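Report on the structure
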Amino acid sequence: MNIVVEFFVVTFKVLWAFVLAAARWLVRPKEKSVAGQVCLITGAGSGLGRLFALEFARRRALLVLWDINTQSNEETAGMVRHIYRDLEAADAAALQAGNGEEEILPQCNLQVFTYTCDVGKRENVYLTAERVRKEVGEVSVLVNNAGVVSGHHLLECPDELIERTMMVNCHAHFWTTKAFLPTMLEINHGHIVTVASSLGLFSTAGVEDYCASKFGVVGFHESLSHELKAAEKDGIKTTLVCPYLVDTGMFRGCRIRKEIEPFLPPLKPDYCVKQAMKAILTDQPMICTPRLMYIVTFMKSILPFEAVVCMYRFLGADKCMYPFIAQRKQATNNNEAKNGI
């Protein structure tokens, strides 16, 4: 194709992409079904991971839950089974009432499987993934959600905690994707969800290891998405989830300027997950919550660094993590005192 003609074709496609993006804001696309599909969620024992599990359960997905904490993971599984029982009861009532026009999945499909797995350890991930394939089947939806935070200033943070943060928040995505992507490529079907953070798009002081891990996983996700497009595997979808501070307790104590807080409070976990689910089920490539995060990311990209610093200071975002780090340090000191260290 002549390069001039190709240039106009590409220009049209770019403009058309803007039109489609605008249309999604006006007319919400129909959500796809994940009923009966195997959905694996890492970090499912608490926080956002648990809420993702409950949302996928309500949509009749077959769930595989990974967490390093066996007890918490089993608690999530118990909640999922309760949802499954309610769905089965509703299906039975609908059939009895003669309202069974809609397809109802067999009860045996509504199952949840739990695995204790440290996603920060490569061999643990690969061994557990092999167990999942043998005991459950191939994974259709992979939600990489597990995450940790050290809560130390860089020069006070032990090297082991820095490595742990990078392993769990970033490297684990490589291992889980390498474990389950090959089958997705074979059948050209699947969905990979990366739960990152707004701190993977812009940073703040005091959490260098956490920001680095989230920036890394955002880069991994974007490169993987381009690779799937280059391979023309359009049946495999990807969604990048970048929420603002979520009120799960992970960053307890984090504060921005008090005058700004009412306009930008921490996100409720339920709201964050429901917004993410809408994006996942409509094959949206990326979602930032709240939408203001898109503007902040854009401004960070075009403003001079000193202008960004001024903006951070005005919002109180430059030292917003300091109270959180102080609380972590105090808690650590208290634990050491109790243990007689």
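Residues numbered from 1 in each chain as written. Predicted model: local features only at pLDDT ≥ 70, side-chain atom pairs only at ≥ 80, totals over all residues. Heavy atoms only, no water.

1. What about the pattern of salt bridges?
Keep this limit in mind: Only one rule defines a salt bridge in this text: a Lys or Arg side-chain nitrogen within 4 Å of an Asp or Glu carboxyl oxygen. For helices the rule is a DSSP run of H or I covering at least 4 residues; for strands it is a run of E covering at least 2, with both sets numbered from the N terminus onward.
According to the stated counting rule, one finds 14 salt bridges in the structure shown. A salt bridge links Glu55 to Lys274; its shortest N-O distance comes to 3.1 Å. Taken as a pair, Glu55 in helix H2 (residues 47-58) and Lys274 in helix H7 (residues 269-281) lie far apart in primary sequence, 219 residues in all. Residues participating in the shared-partner salt-bridge network are Glu55, Arg58, Arg59 and Lys274.

2. Brief notes about the sheet that holds strand E7 (residues 286-289)
Here is the rule we go by: Think of it this way: DSSP has to see at least two bridges between two strands before they count as a pair. Note on geometry: axes are C-alpha line fits, over the in-contact stretch for helices, and angles between N-to-C directions span 0 to 180 degrees. Note on contacts: a residue pair qualifies if any of its non-hydrogen atoms lie within 4.5 Å across the two residues.
Here 7 strands make up an open sheet; going across it, the order is E3-E2-E1-E4-E5-E6-E7 and the pairing parallel. What marks the edges here is a single partner per strand, and that holds for strand E3 (112-116) and E7. The mean angle between the axes of side-by-side strands here comes to 15 degrees, regardless of whether they run parallel or antiparallel. Where strand E5 (residues 190-195) lies against strand E6 (residues 236-243), 6 bridges are found, and the strand directions are parallel. Pairing of Val195 across the sheet is with Val241, part of E6. Docked against the sheet, H7 engages E5, E6 and E7, running at close to 160 degrees with respect to E7.

3. Re the environment of Lys30
Rules: Relative accessibility thresholds used throughout: buried, under 20% of the residue-type maximum; exposed, over 50%; partly exposed, between the two (1.4 Å probe, protein chains only).
Among the structural elements, Lys30 can be located in the loop between helix H1 (3-26) and strand E1 (38-42). A relative accessible area of 78% places Lys30 in the exposed class.

4. Notes on the pairing of E5
To keep it simple, the criterion reads: Think of it like this: strands point away, you trace from the first strand over the helix to the second, and a clockwise trace means the crossover is right-handed.
In terms of residue burial, E5 counts as a mostly covered element, since 6 of its 6 residues are buried. The alternating pattern of E5 places Gly190, Ile192 and Thr194 and His191, Val193 and Val195 on opposite faces, both of which are buried. Summarising the sheet, strand E4 (residues 141-144) and E5 pair through 4 bridges and their orientation is parallel. The residue of E5 that forms the bridge with Val143 is Val193. Assessed by its sense of winding, the connection that carries the chain from E4 through helix H5 (residues 159-187) to E5 is right-handed. Handedness of the β-α-β unit built from E5, helix H6 (residues 208-230) and E6 comes out right-handed.

5. Some remarks on the UniProt feature "transmembrane region" (unreviewed entry) in the chain
The cut-off we apply is this: UniProt positions are given in the numbering used here, feature names are shortened, and annotations may be inferred rather than shown by experiment.
Listed under "transmembrane region" (unreviewed entry) in the UniProt record, and renumbered for this structure, are residues 7-27 and 33-53. The annotated region residues 33-53 carries 33% helix and 24% strand content, and the separation between its end C-alpha atoms amounts to 15 Å.

6. Considerations on a nonpolar patch on the surface
Under the convention used in this document: Residues enter a patch when their relative accessible area is above 30% and they make no salt bridge; the linking distance is 9 Å between like charges and 5 Å between nonpolar side chains (Val, Leu, Ile, Met, Phe, Trp, Tyr). With residues, only the protein chains shown are counted as cover, and all accessible areas are computed by Shrake-Rupley using a 1.4 Å probe.
On the surface, Trp16, Val19 and Leu20 cluster together into a nonpolar patch covering about 290 Å² of accessible area. By relative accessible area, which is 45% here, Trp16 ends up partly exposed.

7. What about empty space enclosed by the protein?
To keep things clear, this is the line we draw: Here a cavity is any set of points on a 1 Å grid over the protein atoms alone where a 1.4 Å probe fits but cannot get out, and a pocket is any open set with protein on both sides within 12 Å along at least 5 of 7 lines; a residue lines the site when it has an atom within 4 Å of a point. Grid points are joined across faces, edges and corners, and a volume is the space filled by probe spheres set on the points. Each residue is assigned to one class: nonpolar for Ala, Val, Leu, Ile, Met, Phe, Trp, Tyr, Cys and Pro, charged for Asp, Glu, Lys and Arg, and polar for all the others, Gly among them.
Taken as a whole and assessed by the stated rule, the structure comprises 1 cavity of 30 Å³ or more. If you add up the space inside the largest cavity, you get close to 30 Å³. In terms of lining residues, the largest cavity is bounded by Thr42, Val119, Asn144, Asn145, Ala146, Val168, Ala172, His173 and Thr176. Tallied by class, the residues present in the lining of the largest cavity amount to 4 nonpolar, 5 polar and no charged.

8. Quick look at the pairing of E7
Where E6 and E7 come together, 4 bridges link them in parallel fashion. Bridged to Leu240 within E7 is Met286. Each parallel crossover has a hand, and the one from E6 via H7 to E7 is left-handed.

9. Structural notes on the packing of aromatic side chains
How we decide: Only centres within 6.5 Å qualify two rings of Phe, Tyr or Trp (six-membered ring in Trp) as a pair; their planes then separate them into stacked at under 30 degrees, edge-to-face at over 60, and tilted for everything else.
For the coordinates displayed, the defined rule picks out 6 aromatic pairs. With a centroid separation of 6.1 Å and an interplanar angle of 55 degrees, the aromatic rings of Trp66 and Phe180 are classed as tilted. One end of the pair, Trp66, is in strand E2 (residues 62-67); the other, Phe180, is in helix H5, and 114 residues separate them in sequence. A residue is classified by how much of its surface remains accessible, and Trp66, at 0% relative accessible area, is buried. For Phe180, a relative accessible area of 1% translates into the label buried. Ring geometry for Tyr126 versus Trp175: centroids 6.5 Å apart, planes at 75 degrees, classification edge-to-face. Note that Tyr126 is positioned in helix H4 (residues 122-135) and Trp175 in helix H5, a separation of 49 residues in sequence.

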